[in-house]
Amino acid sequence: GELDIRKMGALRKKIPITFGTFFIATLAIAGVPGLSGFFSKDEILWMAFSSGRGHFLLWLVAAIAAGMTAFYMFRALFMTFFGESRVDHHVAHHIHESPKVMTVPLMVLAVASIIGGYVGVPHVLGGANHIHEFLAPVVGGSAEPVKAQAIFSLISEAWAAGGGAEGHSAALEIFLMAVSVVIALIGIGIAYFLYLKNPALPKMLTEKWSGLYRLVSNKYYVDELYQFLFVNSLKRAGTGLWKGFDEFVIDGTVNGIAYFIGWLSGVTRKMQTGLVQNYAFSIVLGGLILAVYYIMRAFF
């Protein structure tokens, strides 16, 4: 019944299956070597760097994002399952392991997180990488040839001198793989230091950099900006169409025609009195008007 990890803590012994499967999944998504996330992350990072459309900056951004993933996933792990319990006393006595209908799928996914990546072991690690060309019929073939990056020119020359172009490419891929693992370990280490070793430090940092904390806590105000630029503007446009066009133009036209027809009907209704003398008077009056018209026409 609780969804806020800030109100959890020390749950690993109370829900051990959930903890074990969550821990394995966290290791995988953080890119720890040997688990499925490591192979998929390496493939993405290597293609971001080496493909025809790749670039070192793309690799750098993706590697930093991978490090942030490792950080926030281990933050969730440490805050939920380790440290001191922050569970509300009304909730504490309800804590229990989930039923098998939930834990069995978790265990299946945990096993897949351990062994699933070996379907796509990169060639540089001696694998066949069976999933590398899986989407080739859809996306249009294999990756473009590896291109050298200027930032690693000195290292590239050293490697190329030792093993040729193929050896250079393999060594460079292994080097970048090792760097990405180090970045992930740094993210894990920061999470450990902040949320397990010194859990009071995050609160001190939020108080010291309250402006930055509010900016990040409010997701860079993207939702507010989206609300202002799109939601509220579309609401104002809809209200304008409702008040200005729908009510004034459409309703005004329909109601105006109805009013005009009603007025015209009221006028013509007075001409149909049902009295013979009124009709006789109208005939005489019409005859006089015609007579005057023809007399005037004869003179003019």
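Each remark here, short or long, concerns the structure printed above.
All values derive from a computational prediction rather than experimental measurement.

About the cut-offs
- Residues numbered from 1 in each chain as written.
- Predicted model: local features only at pLDDT ≥ 70, side-chain atom pairs only at ≥ 80, totals over all residues.
- Heavy atoms only, no water.
- Helix = DSSP H or I, 4+ residues; strand = E, 2+ residues; numbered from the N terminus.
- Buried < 20%, exposed > 50% of the residue type's maximum accessible area, 1.4 Å probe, protein only.
- Contact = heavy atoms within 4.5 Å.
- Areas by Shrake-Rupley, 256 points an atom, 1.4 Å probe, with all protein chains shown as cover.
- Polar contact = N/O pair within 3.5 Å; in protein donor to acceptor, adjacent residues only side chain to side chain.
- Salt bridge = Lys/Arg side-chain N within 4 Å of Asp/Glu carboxyl O.
- Core = buried A, V, L, I, M, F, W, Y, C linked by side-chain atoms within 4.5 Å.
- 1 Å grid on protein atoms, 1.4 Å probe; cavity = no way out; pocket = protein on both sides within 12 Å on 5 of 7 lines; lining within 4 Å.
- Points joined across faces, edges and corners; volume = space filled by probe spheres on them.
- Nonpolar A, V, L, I, M, F, W, Y, C, P; charged D, E, K, R; others polar.
- Axes fitted to C-alpha atoms, helices over the stretch in contact; angles between N-to-C directions.
- Parallel < 35°, antiparallel > 145°, perpendicular 65-115°, else oblique.
- Left-handed = near helix turned anticlockwise from the far one by under 90°.
- Expected span 1.5 Å × (residues − 1).
- Patch = residues over 30% accessible without salt bridge, like charges linked within 9 Å, V, L, I, M, F, W, Y side chains within 5 Å.

Chemist: An account of the overall build of the chain is requested, with residue identities and associated values reported.
Modeler: A tally of helices and strands in the chain yields 11 helices and 0 strands. Burial statistics for the chain: of 300 residues in total, 24% are counted as buried. Relative to all contacts within the chain whose residues are 6 or more apart in sequence, the contacts with residues 24 or more apart total 72%. A total accessible area of about 20600 Å² is found for the chain, and carbon and sulfur atoms account for 71% of it.

Chemist: Could you give me a rundown of the side chain of serine 51, with the residues and numbers involved?
Modeler: Along the chain, serine 51 falls in the loop between helix 2 (36-50) and helix 3 (56-81). Of note is the side chain of serine 51, whose polar atom sits 2.8 Å from the backbone oxygen of methionine 47.

Chemist: Go over the pattern of salt bridges, please, and point to the residues and values.
Modeler: The full count for this structure, using the stated rule, is 2 salt bridges. Here aspartate 4 and arginine 6 are joined by a salt bridge, their closest N and O atoms 3.1 Å apart. Owing to a relative accessible area of 52%, arginine 6 belongs among the exposed residues under this scheme. Between lysine 219 and aspartate 223 there is a salt bridge, with its nearest N and O atoms 3.8 Å apart. Of the residues examined, lysine 219 reaches a relative accessible area of 48% and is grouped as partly exposed.

Chemist: Quick one: what's the story with the nonpolar core, residue by residue and with numbers?
Modeler: Counting 19 residues, the largest nonpolar core has Leu11, Phe74, Leu77, Phe78, Phe81 and Phe82 as the members making the most contacts within it. Of all elements in the fold, only helix 3 and helix 7 (153-197) reach the threshold of two or more residues within this core. Considering each element in turn, this core owes the most residues, 6 residues, to helix 3. Excluding residues that lie within four positions of it along the chain, phenylalanine 81 makes contacts with Ala10, Leu11, Arg12, Ile15, Thr18, Phe19 and Phe22. Trp46, Ala63, Leu172 and Leu176 belong to the second largest nonpolar core, which has 8 residues in total.

Chemist: So what's going on with the layout of surface pockets? Residues and values would help.
Modeler: Space inside the largest pocket adds up to approximately 1300 Å³. Around the largest pocket, the lining comprises 29 residues; the ones closest to its centre are Arg75, Tyr195, Pro202, Thr206 and Tyr213. Where the lining of the largest pocket is concerned, the elements lending two or more residues are helix 3, helix 7, helix 8 (201-208) and helix 9 (210-217). Taken together, the residues that form the lining of the largest pocket break down as 18 nonpolar, 6 polar and 5 charged.

Chemist: I'd like to hear about the packing of helix 1 (residues 16-29) against helix 5 (residues 100-115), residue by residue, with values.
Modeler: Across the interface, helix 1 lies against helix 5 with an axial gap of 9 Å and an inter-helix angle of 30°. Our classification of the angle between helix 1 and helix 5 gives roughly parallel. Between helix 1 and helix 5 lies a crossing of left-handed hand. Facing Ile17, Thr18, Thr21, Ile24, Ala25 and Ala28 of helix 1, the residues of helix 5 in contact are Thr103, Leu106, Met107, Ala110, Ser113 and Ile114. In terms of residue class, the contact of helix 1 with helix 5 is made up of 8 nonpolar, 4 polar and no charged.

Chemist: Tell me about helix 1, and name the residues and values.
Modeler: With 14 residues, helix 1 extends 20 Å from end C-alpha to end C-alpha; this agrees with the ideal 20 Å at 1.5 Å per step. Turning to helix 1, the residues buried within the fold contact helix 2, helix 3 and helix 5. With its phi angle positive at about 85°, glycine 31 sits one or two positions after the end of helix 1.

Chemist: A description of empty space enclosed by the protein should follow, citing residues and the corresponding values.
Modeler: Counted under the stated rule, the structure contains 1 cavity of 30 Å³ or more. Here the largest cavity is characterised by a volume of approximately 40 Å³. Asp42, Leu45, Trp46, Trp59, Glu173, Leu176, Met177 and Ser180 together form the lining of the largest cavity. Every element with two or more residues in the lining of the largest cavity is listed here: helix 2 and helix 7.

Chemist: Would you mind going over a nonpolar patch on the surface in detail, with residue names and values included?
Modeler: A contiguous nonpolar surface patch, about 690 Å² in accessible area, is contributed by Trp209, Leu212, Leu215, Val216, Tyr220, Tyr221 and Val222. Here the element with the most residues in the nonpolar patch is helix 9; it accounts for 3 residues. Mapped onto the elements of the fold, valine 216 is located in helix 9.

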